[in-house]
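Structural overview
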Amino acid sequence: MEAEVLIMTWILWLLAAACVIYYVVIVIYSGFTTSFSFIWLVFAAACLFLALGWEYYMKHKDRVPLWLPVSVITFCCTGILVFSMVEILIFTGAASRDASNLDYLIVLGARVKEDGLSKSLKSRLDKAIDYLEENPGTVLVLSGGQGEDEPVSEAAAMRDYLVFNGVSERQLILETRSFSTVENIAYSRIAIEEDQAERKARHARSDIIMEPGTYEEISDKPIRIGVLTSDFHVFRAEQIAKKWGIPDIYGISSESDPVLLVHFCVRECAAILKDKLVGNM
């Protein structure tokens, strides 16, 4: 029995140490700019609490009511189960359908720093450039406003990077009002609808004259829209798009920073649960 107590206690202590070490790594690696990093200190504190609680319970079972350890174990197991299920959805969401020849591709913004683009945003833009090389007819909708600590809007920074790398500005639509994934999708949809209306208006003003009976009107072809974002973010972006009026959305993923990927997945799990709770997806 003492061996079991010792083993479990050491496992929890090691998990706590690992959480603290990872917190220090991601904070230093990202230059203190990664959001939600405090969660690793919360995990460390929880592991320490469980270690001390487990040790006390095993030594003083007669003083602790049975419902307390049962409730703690049930809560922990439920949390692990929910986390595992959400992570499965996240990684299956990164495996998308054939998304070639889209009419519009929404590129979701990410943090813009004083010294340039964040690694996540640069990865998304490089993926967008690769996509345009194979699908030159697609229009990119660059989505992202300007945060209080950002020198320019994310959309403007994305445009500058793409134009510098040879993308025609005529292929770009800027959406600069959004500050969340929900707003990214909602405002990008409006931008696409406005672009479609403008294209139809230009077509209606054209001076093409045809004899009656020599042509047949064809109903509007459904436009194909995709969303490009980091691999851990694709599932939530797709679900939000379906909720907010783009039911047949195509997800395209870019690679995430391997050092921060675990943190991003944990943060994304919390974001998915929050968006599901408030009805965003």
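Figured I'd write up the structure that's included with this text.

1. Focus on the side chain of Asp195
- Mapped onto the fold, Asp195 is located in helix H6 (residues 181-204).
- Looking at Asp195, the relative accessible area reads 13%, which means it is buried.
- Here the side chain of Asp195 touches Arg199 through a polar contact of 2.6 Å, side chain to side chain.
- Contact partners of Asp195, with chain neighbours within four places excluded, come to Tyr104 and Ile173.

2. Some points on the pattern of salt bridges
- On inspection of all chains with the given rule, the structure shows 10 salt bridges.
- The salt bridge involving Asp275 is made with Arg236; its shortest N-O contact spans 2.9 Å. Taken together, the residues span a long stretch of sequence, with Asp275 in helix H8 (residues 261-278) and Arg236 in helix H7 (residues 234-243) at a distance of 39 residues. Comparing Asp275 with Arg236 shows no difference in burial state: the two are buried.
- A network of salt bridges, in which partner residues are shared, links Arg236, Glu268, Lys274 and Asp275.

3. Notes on the environment of Leu142
- Looking at the secondary structure, you find Leu142 in strand E4 (residues 139-143).
- Between the C-alpha atoms of Leu142 and Glu87, which are 55 residues apart in sequence, the distance is 27 Å.
- When residues no more than four places from it in sequence are discounted, the contact partners of Leu142 are Val107, Ala155, Met158, Arg159, Leu162, Leu172, Ile173, Leu174 and Glu175.

About the thresholds
- Residues numbered from 1 in each chain as written.
- Predicted model: local features only at pLDDT ≥ 70, side-chain atom pairs only at ≥ 80, totals over all residues.
- Heavy atoms only, no water.
- Helix = DSSP H or I, 4+ residues; strand = E, 2+ residues; numbered from the N terminus.
- Buried < 20%, exposed > 50% of the residue type's maximum accessible area, 1.4 Å probe, protein only.
- Polar contact = N/O pair within 3.5 Å; in protein donor to acceptor, adjacent residues only side chain to side chain.
- Contact = heavy atoms within 4.5 Å.
- Salt bridge = Lys/Arg side-chain N within 4 Å of Asp/Glu carboxyl O.

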